[in-house]
Amino acid sequence: MLVVATNRAYKNGDLYIGAEHILLGLLTIEKDSVAYKILSRFKFNMEPMDEIPKRPIFENMAGFQPNEAVRRIIHYVMQWRDTFGDKTTGTEHLLLALAQERSGISAKILEKAEIDLEKVHAEVEKIRGQTLPFTPIYKAENLFADIMKEEKNAKTNLDKEVS
């Protein structure tokens with residue numbers, strides 16, 4: 001999905017990969033995916049996506065990086081997959097993570113469409129035909145900053161040991 005999101009970012013002329021690009025990607029992938037079915041049940045359409053500002057397309061995609069929201073979303077995706085006990089990551093985990101993210105363009109678009117985490121979770125349960133744990137965790141706010149800090153500290157300690 002990050003490849004699809006990267007392509008959406010490129011077509012939009014953005015130099016980053018944002019949650020809005022992932023949402024666009026979910027709307028363009030196969031129609032039989034769980035996320036597409038859920039968005040269809042909510043009668044979600046592309047019109048709110050017009051709120052994503054268009055920029056000139058750049059010739060070089062090198063250096064495209066996920067923004068902080070996407071990093072949190074990736075963390076949420078893994079949490080939902082693990083919470084459900086799934087071995088693979090599906091579009092339902094991605095849509096749950098997008099609904100869980102509370103900032104950015106995609107959050108505003110989902111809010112405007114009245115699609116929230118609880119509603120998405122309920123639809124996932126309907127499609128799967130089973131009751132699933134509902135345990136959103138919002139601890140990823142500074143997850144990657146913390147990881148980078150730990151890596152820097154580890155490198156500093158390693159440099160001290162080598163010296």
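Provided above is the structure to which this section pertains.
Notes on the structure follow. (Residues numbered from 1 in each chain as written. Predicted model: local features only at pLDDT ≥ 70, side-chain atom pairs only at ≥ 80, totals over all residues. Heavy atoms only, no water.)

**Regarding the nonpolar core**
Next, step 1: In terms of nonpolar packing, the biggest core is built from 32 residues, with Leu 26, Leu 39, Phe 44, Ile 73 and Leu 98 touching the most fellow members.
Next, step 2: For this core, the elements supplying multiple residues, two or more each, are α2 (19-28), α3 (34-41), α4 (68-84), α5 (91-100), α6 (105-112) and α7 (117-128).
Next, step 3: If we skip the residues at most four places from it in the chain, Leu 98 touches Ala 19, Ile 22, Leu 23, Leu 26, Ile 73, Ser 106 and Leu 110. (Core = buried A, V, L, I, M, F, W, Y, C linked by side-chain atoms within 4.5 Å. Buried < 20%, exposed > 50% of the residue type's maximum accessible area, 1.4 Å probe, protein only. Helix = DSSP H or I, 4+ residues; strand = E, 2+ residues; numbered from the N terminus. Contact = heavy atoms within 4.5 Å.)

**Some thoughts on the pattern of salt bridges**
Next, step 1: Tallied over the entire structure, the rule returns 7 salt bridges.
Next, step 2: When the shortest N-O distance is used, the salt bridge between Glu 123 and Arg 41 registers 2.9 Å. Note that Glu 123 is positioned in helix α7 and Arg 41 in helix α3, a separation of 82 residues in sequence.
Next, step 3: A relative accessible area of 11% places Glu 123 in the buried class.
Next, step 4: Between Asp 82 and Arg 81 there is a salt bridge, and its shortest N-O distance comes to 3.3 Å. (Salt bridge = Lys/Arg side-chain N within 4 Å of Asp/Glu carboxyl O.)

**What to know about the packing of aromatic side chains**
Remark: the centre distance and the inter-plane angle together describe each pair of aromatic rings, the angle taken between the planes.
Next, step 1: All chains considered together, the criterion is met by 2 aromatic pairs.
Next, step 2: With a centroid separation of 5.6 Å and 55° between ring planes, the pair formed by Trp 80 and Phe 84 is classed as tilted. Of this pair, Trp 80 and Phe 84 are both found in helix α4, 4 residues apart, which corresponds to roughly one turn of the helix. Considered together, Trp 80 and Phe 84 belong to a single accessibility category, that of buried residues. (Phe/Tyr/Trp six-rings, centres within 6.5 Å; stacked < 30°, edge-to-face > 60°.)

**So, the packing of α5 against α7**
Helix-helix packing is described using two parameters, namely the angle between the two axes and the distance between the axes.
Next, step 1: At a closest axis distance of 8 Å, the pairing of α5 and α7 adopts a crossing angle of 165°. Between α5 and α7, the interaxial angle falls into the category roughly antiparallel. You can see that α5 and α7 cross each other, and the crossing is left-handed. Every residue of α7 that contacts α5 at Glu 92, His 93, Leu 95, Leu 96, Ala 99 and Gln 100 is listed here: Leu 117, Val 120, His 121, Val 124 and Arg 128. (Axes fitted to C-alpha atoms, helices over the stretch in contact; angles between N-to-C directions. Parallel < 35°, antiparallel > 145°, perpendicular 65-115°, else oblique. Left-handed = near helix turned anticlockwise from the far one by under 90°.)

**What to know about the environment of Pro 66**
Next, step 1: Along the chain, Pro 66 turns up in strand β2 (residues 65-66).
Next, step 2: Each C-alpha atom of the pair Pro 66 and Ile 17 lies 4.4 Å from the other, and the pair is 49 residues apart in sequence.
Next, step 3: Setting aside anything within four residues of it in sequence, one finds Pro 66 in contact with Ile 17 and Arg 71.

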